[in-house]
Amino acid sequence: SGVPTRALRASAPPRAEARARLGLPADAFVIAGVGRLVPIKGFDLLVAALADVAARVPDTHVLLIGEGADRAVLEARAAALGVADRLHITGSVTDVMARLAGADVLAAPSRIGDVIVDNECGLLVPPEDPGALAAALVELGLDAPRRAKLGAAAPPRAEAFSTTVAAAAMRAIYDGLVRSRKLAP
């Protein structure tokens, strides 16, 4: 089916505007996560990493865009770690890009290795390893040029999953079927 990448990018507000709407500091290091707040998404790992990241990058905030059964668990964990004031959960929203635009990085602790190319458009860390996740996020929080380089490579990579590419692939499949079955004149 693909993702309407062009339309999503066009709908995103400027970062400063998105942060102001979310009540996030303009100069913060904002890590976003998007999805249902359920165990398989790994947001517990992101919350566990938050304390370590905030200790090294003091202006760190985590923005979780979504809702789910684990919301209270995530909030309680953040409180236990002393970082409740740095965890922001939007709840269910219809315009994800309006919130995501406020982030410096997107953390996807669930396994998306087929989407991210390590050290090209993001960083991959071992699964279920909040320490490795924290280390990667600290690295990005402290190295704005590297963060910018990886971020600049992300939109072209996202195009591989766009509706345009998905439609072209589907068309190629159908064209191949038509040719193989000699259905075309």
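Bear in mind the structure is a predicted one, so any value in this text is a computation, not a measurement. (Residues numbered from 1 in each chain as written. Predicted model: local features only at pLDDT ≥ 70, side-chain atom pairs only at ≥ 80, totals over all residues. Heavy atoms only, no water.)

K.L.:
How do you make sense of the pattern of salt bridges when you look at a structure like this?
P.N.:
A pair can form between side chains of opposite charge whenever their charged atoms are brought close. Applying the stated criterion across every chain yields a total of 6 salt bridges. One salt bridge in this structure joins D104 and R19, with 2.6 Å as the shortest N-O distance. Of the two residues, D104 is situated in the loop between α5 (96-100) and β4 (105-106) and R19 in helix α2 (residues 15-22); the sequence distance between them amounts to 85 residues. The closest approach of N and O atoms between R71 and E75, which form a salt bridge, is 3.1 Å. Here R71 and its partner E75 are both found in helix α4 (residues 71-80), 4 residues apart, which amounts to about one turn of the helix. On the basis of relative accessibility, which here comes to 23%, the residue R71 falls in the partly exposed class. Its relative accessible area of 36% is what places E75 among the partly exposed residues. Through salt bridges with shared partners, a single network forms among R15, R19 and D104. (Salt bridge = Lys/Arg side-chain N within 4 Å of Asp/Glu carboxyl O. Helix = DSSP H or I, 4+ residues; strand = E, 2+ residues; numbered from the N terminus. Buried < 20%, exposed > 50% of the residue type's maximum accessible area, 1.4 Å probe, protein only.)

K.L.:
Could you clarify how one ought to interpret the environment of P109 in this entry?
P.N.:
Looking at the secondary structure, you find P109 in the loop between β4 and α6 (130-142). A residue is classified by how much of its surface remains accessible, and P109, at 18% relative accessible area, is buried. Taking the C-alpha atoms as reference points, P109 and P127, separated by 18 residues in sequence, lie 7.3 Å from one another. Discounting chain neighbours no more than four positions away, the residues touching P109 are K41, G42, F43, L45, L46 and L133. (Contact = heavy atoms within 4.5 Å.)

K.L.:
What is the right way to read unusual backbone geometry from this model?
P.N.:
A negative phi angle is the norm for most residues apart from glycine, just as the trans form is the norm for most peptide bonds. Located in the positive-phi region is N119, a residue other than glycine, with phi close to 65 degrees. Examined against the element boundaries, N119 turns out to sit in the loop between β4 and α6. Despite not being glycine, E128 has its phi angle at roughly 60 degrees, a positive value. Structurally, the position occupied by E128 is in the loop between β4 and α6.

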